[in-house]
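Structural overview
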Amino acid sequence: MTEALEAIADRFHPREQITAIRTLGSGNVNETFLVTHEGANKRGSFVMQRLNTAVFERPDLVMRNLQVLGAHMDRRMATPPPELQGRRWELPRIVPCRNEDSAWVEHNGEFWRSITYISAATTSNEIQDCNQANELGYALGMFHNLIHDLAIHQLADTLENFHVTPEYLNRFDTVLKSRSVLDPSEQAACAFIDKRRDGVDVLEAALARGELQHRPIHGDPKINNVMIDETSGKAIGLIDLDTVKPGLIHYDIGDCIRSCCNAAGEETTDLESVGFDLNLCEAMLEGYINVARGFLSEWDLHYLPDCIRLIPLELGLRFLTDHLEGNVYFKTDRPSHNLQRAAVQFKLVQDIENQMPALQRLIQRLSDRPVN
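Report follows, based on the coordinates. Source: prediction; values computed, not measured.

Focus: the pattern of salt bridges
Applying the stated criterion to the full structure yields 30 salt bridges. A salt bridge links R43 to E38; the nearest nitrogen and oxygen atoms lie 3.7 Å apart. The residue R293 makes a salt bridge to E298 at a minimum N-O spacing of 3.0 Å.

Below, the structure written as C-alpha cells:
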C-alpha cells in the first residue's frame, strides 16, 4: 500500500484496521481499488475509486445521481416486483466519509469516492451461452423496471450528448476535414459511414416526434457491467453506475445486445469471426421483455430493431473518429487499434442488416406475448 492510498482510504475507514489495498478490475475510465479491513472480530471490504474528471467534469453531480438512485431503489425494494421474489439483487451504494458530512474526498486536485463491494459475484467480458444472455437481459430489464418511474428531473445529465448518434457524426465530419490523406482501410471505413448517414437520427427523430421519451438509463450496460452470482449463475445487478442519466432506454438495450451477441468480442483481430448471433439476441431480449414489458410502449417495441443496428454503428463511428484524431479518447496499444475496433463494429452492423427481417420477426413475436 502506498502512503497516499492509505491516507485516502483512512477518510472512509480507520487506517489501523485496513489490511490491504489492491487494484480492482480493468476499467477504461476510473482508477479502482479494493480496500479490505479487519477489526473487532469483523472483516469487510469496500471499493475506492479516483474518478476521471476529464470524462466526468462534474463528479459531484455523478455522486448526487447515485444518491438519488440509491434512495429510489430503497423505496422500490420495500415492495419488490414479483420477478425478484427469491432472487438476489444488489447495486453499489455510496460509502460516506467517516467523521465528516461528505460522500467524497477532494485531495490534491483529485476526486475520490468509495462504494460498497458486491461479494460472491463476478463479471465476464465474453458471452458464454444463451442462459447467460437471458440473465443479462433480465438484469437490464429489472434495472429499467426499478427505475422507470424515477422522475428524470431528479437526475443530472453528467455526459451531455452521450449516445446521441447525430452528434458523433458531426464530430466525425469535423475531424475528417482535418485529414488530407487517408489510407485504403480508412477510406473503406469512411465509405461505410457515408452509406448509412440517413439513418443515424432514427431514435432522436422519434424522440422529437414524441414517439419515444427520455427515462433514467444506465448508460453503459455492456456485458462486463452485469454481476453474476458465483453460485447460482443468476444476474444480481448492474455496476458502474456513473453514467446513469436521462436518456432513451434504447441506448441501453442496443449496447447490451451489441456486447453480448457478438461472441468474438470487440477486441478481436479476426473479422471473419465477427457475427451477430440471433439466438443470443433472442435469449437476451426474452429475459429483458419478461420483466420490462409492463412499462414498454408500442413505440418502444417498434424501435428495438433500429437501436440494435444503430448502437454498434455509433460505437464504430466513435472508434473511427478517435483513430482519425490520433487516439485521444480510447486507450490503445497500437496505432491502428481503434481502426480495427471500428472494423469489428462495422462487420457486426453489416451482419445485423443482413438478418434484419428475421430480427424484426423475432421482436414482433416477443412483443405479442401477453403482459404479465
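Overview of the packing of helix α7 (residues 249-260) against helix α10 (residues 304-325)
With their axes 8 Å apart at the nearest point, α7 and α10 run at an angle of 70° to one another. In terms of orientation, α7 lies roughly perpendicular with respect to α10. Here α7 runs over α10; the crossing is right-handed. Here α7 contributes H250, Y251, I253, G254, D255, I257 and R258 to the contact with α10, which in turn contributes L304, C307, I308, I311, P312 and L315. Broken down by class, the residue content of the contact of α7 with α10 amounts to nine nonpolar, two polar and two charged.

Some details on α7
With twelve residues, α7 should cover 16 Å at 1.5 Å per step; its first-to-last C-alpha distance of 17 Å lies within 8% of that length. Among the twelve residues in α7, twelve count as buried, and that is most of the element.

Conventions and cut-offs
- Residues numbered from 1 in each chain as written.
- Predicted model: local features only at pLDDT ≥ 70, side-chain atom pairs only at ≥ 80, totals over all residues.
- Heavy atoms only, no water.
- Salt bridge = Lys/Arg side-chain N within 4 Å of Asp/Glu carboxyl O.
- Axes fitted to C-alpha atoms, helices over the stretch in contact; angles between N-to-C directions.
- Helix = DSSP H or I, 4+ residues; strand = E, 2+ residues; numbered from the N terminus.
- Parallel < 35°, antiparallel > 145°, perpendicular 65-115°, else oblique.
- Left-handed = near helix turned anticlockwise from the far one by under 90°.
- Contact = heavy atoms within 4.5 Å.
- Nonpolar A, V, L, I, M, F, W, Y, C, P; charged D, E, K, R; others polar.
- Expected span 1.5 Å × (residues − 1).
- Buried < 20%, exposed > 50% of the residue type's maximum accessible area, 1.4 Å probe, protein only.

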